[in-house]
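Here's the letter readout for the chains.
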Amino acid sequence: MNQYPNYKPGFLEKWGRSVLYKINRSRISKNKSSIENFSEHSTKIIRISVCLSFCIGFIPSFLFVALSHFIPKIDHIFSYQAILPVVVTTLLIGIFTYIEFYLLFLTGLYQAFYMAESANLELSEEPELITPVPGLLARIALEIPDPELRLFGINPYKRLNRKKIFIKTLLYKIKVMISNLFAKIILKAIFGRTGLRIYIEYIAAPITGLWDAYVTYKILHELRMRIISRKIAEKILIYIEQNQKQFSPKGKECLMRAIANSIVFTKTFHPNFEYLLLKLVKIFNIPFDMNEMDEPDQFINSLKFCAEGEKRLAIVIFLIGSCFDGTMTKEEWDMIPKISFITDLEQMLSKTEFLLKSI
């Protein structure tokens, strides 16, 4: 039975990957830097991107409002005289919206590439992965959600409240409209009877610019977390590969269960979980017949039958995996007392908290 889903990137992700490869080919000299300088470089990239995104949001909105003053006013929207103004307005909205989003997407892809480059993250396809680095970067830059993967019987969404996520996403999307409307109401109340009322419509421009800047900051901040966690995953795999002969079958099973439970508690198949899981399956050459791999009780039970070193490593990987998205869920914190039979767990938690703050 094939454990790998037949995932095909959508049009937008394919376009994003092609742009990234084009950027990569156009780079005459590659900036080789150490991961120690990544924080400084990535912070600079985020600041530049936020400024660019503000301009991209502000200028088209400002131009649209300015041009809309030249469109004839209409008294009745259902009259013949209203056809031309409505068509022109709709056309202008479409044109400026396209320009804004195209430039935002292009800027996001360029800055995502520069951030990956500053961490020496190679832009290469890896056939054994569903989400290679180009896919990871493209999805983040273009705000494409991670696909709903189910690998080796692991269901990341078994604890996910989809209704809550839908409401949260909906509120997030309409926040900019509410902000825009609220600002207009306030300004009309203040300037409505003065000579400044003509400028009230222009409030959409800075609000759109600020919103685009905020969204860009959130996107690149998440990308920085994903790059850092990818480098951590690489280090984990290097260590395991170098010491794979020392792992017992129970130790291998325990490591896999540690990753599986981190995935379920995070409630998404984070690309770096996918990377860690698929690479580990290849290293251990696991035929995969484990049952209930993502069940917490099975994970805790498997820890009891591992050697001390294997036990520590499994717990460390579980804790590190829990920080891959920058936060630890309530379920992950609740797991900690259940694995507290490890003597140096407090030290492990201290290291994990430090890692979380650094991300």
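Above this text you will find the structure in question.
Source: prediction; values computed, not measured. Counting of residues starts from 1 at the beginning of each chain's written sequence and follows it residue by residue. In view of the model being predicted, local features appear only for residues whose pLDDT reaches at least 70, and side-chain atom pairs are presented and counted only at 80 or more, with totals across whole chains, interfaces and linings using the full set of residues. Hydrogen atoms and water are omitted, and side-chain values are computed over all heavy atoms in the structure.

Participant: Sorry, what's going on with the overall build of the chain here?
Facilitator: A tally of helices and strands in the chain yields twelve helices and zero strands. Helix and strand definitions here come from DSSP, where helices need a minimum of 4 consecutive H or I residues and strands a minimum of 2 consecutive E residues; each element is numbered from the N-terminal end. For the chain, the N- to C-terminal ordering of α and β elements is α-α-α-α-α-α-α-α-α-α-α-α. Of all 359 residues assigned to the chain, the portion counted as buried reaches 46%. Only heavy atoms matter for contacts: two residues are in contact if any of them lie within 4.5 Å across the pair. Residue pairs in contact within the chain that sit at least 24 positions apart in sequence constitute 82% of those at least 6 positions apart. When accessible area is computed with a 1.4 Å probe and restricted to protein chains, residues below 20% of their type maximum are described as buried, those above 50% as exposed, and intermediate ones as partly exposed.

Participant: Please explain a nonpolar patch on the surface as it appears in this structure.
Facilitator: Within this analysis, patches are made of residues with over 30% relative accessible area and no salt bridge. Like charges are joined at 9 Å or less; nonpolar side chains (Val, Leu, Ile, Met, Phe, Trp, Tyr) at 5 Å or less. All accessible-area figures derive from a Shrake-Rupley calculation using a 1.4 Å probe, and residue coverage is judged against the displayed protein chains alone. Each salt bridge in this description consists of a side-chain nitrogen of Lys or Arg and a carboxyl oxygen of Asp or Glu lying within 4 Å of one another. Taken together, Leu-91, Ile-95, Tyr-98, Ile-99, Tyr-102 and Leu-103 make up a surface patch of nonpolar side chains, about 560 Å² in accessible area. Relative to the helices and strands, Tyr-98 is located in helix α3 (residues 83-118).

Participant: Teacher, can you tell me more about helix α7 (residues 249-266) here?
Facilitator: Residues three or four positions apart in an α-helix share a direction because the helix packs 3.6 residues into each turn. Expected span of a helix, by definition, is 1.5 Å for each gap between consecutive residues, and there is one gap fewer than residues. With 18 residues, α7 should reach 26 Å at 1.5 Å per residue; the first-to-last C-alpha distance of 26 Å fits that figure. Most of α7 is tucked away: 15 of the 18 residues are buried. Count one or two residues on from α7 and you reach Lys-267, which has phi positive near 70 degrees.

Participant: Whenever I open this one, unusual backbone geometry confuses me. Can you help?
Facilitator: A negative phi angle is the norm for most residues apart from glycine, just as the trans form is the norm for most peptide bonds. One non-glycine residue with positive phi stands out, namely Asn-120, at about 55 degrees. Turning to its location among the elements, Asn-120 is positioned in the loop between α3 and α4 (133-141). According to the relative accessible area criterion, Asn-120 is partly exposed, its value standing at 28%. Here the phi dihedral of Glu-143 falls at roughly 55 degrees; this positive angle occurs in a residue that is not glycine.

Participant: How do you make sense of the nonpolar core when you look at a structure like this?
Facilitator: Taken as a class, soluble globular proteins show a tendency for nonpolar side chains to be buried jointly. Here, nonpolar core refers to any group of buried Ala, Val, Leu, Ile, Met, Phe, Trp, Tyr and Cys residues whose side-chain atoms link them within 4.5 Å. Core analysis: the biggest nonpolar cluster contains 80 residues, and Leu-137, Leu-223, Ile-240, Leu-255, Leu-277 and Phe-284 have the highest contact counts within it. The biggest single contributor to this core is helix α6 (residues 204-242), with twelve residues. Every residue in contact with Leu-223, bar those within four places of it in the chain, is listed here: Ala-112, Met-115, Leu-136, Leu-137 and Ile-140.

Participant: Explanation requested: the environment of Pro-134 in the structure shown.
Facilitator: Looking at the element boundaries, Pro-134 is found in helix α4. Since its relative accessible area comes to 0%, Pro-134 is described here as buried. It is 9.8 Å that separates the C-alpha atoms of Pro-134 and Ala-112, two residues lying 22 residues apart in sequence. Apart from residues lying up to four places away in sequence, Pro-134 is in contact with Arg-17, Leu-20, Tyr-21, Leu-123, Ser-124 and Glu-125.

Participant: Would you mind going over the pattern of salt bridges with me for this structure?
Facilitator: Where side chains of opposite charge bring their charged atoms close, a pairing between them can arise. All told, the structure shown has eight salt bridges when counted by the stated rule. Across the pair Arg-17 and Glu-13 runs a salt bridge whose closest N-O atoms are separated by 2.8 Å. Taken together, the residues span about one helical turn, with Arg-17 and Glu-13 both in helix α1 (residues 11-26) at a distance of four residues. Residue class for Arg-17 comes out buried when judged on its relative accessible area of 11%. Counted as one network, the salt bridges with shared partners bring together Glu-13, Arg-17, Arg-139, Asp-146, Glu-222 and Arg-226.

Participant: Looking at this model, I keep getting lost on the side chain of Glu-13. Mind explaining?
Facilitator: What makes Glu-13 buried here is its relative accessible area of 1%. Here a polar contact means two N or O atoms within 3.5 Å. Within protein one must be a hydrogen donor candidate and the other an acceptor candidate, and residues neighboring in sequence count only if both atoms are side-chain atoms. Of the polar contacts made by the side chain of Glu-13, one reaches the side chain of Arg-17; its length is 2.8 Å. Not counting residues within four places of it along the chain, the set of residues in contact with Glu-13 comprises Tyr-7, Gly-135, Ala-138, Arg-139 and Ile-144.

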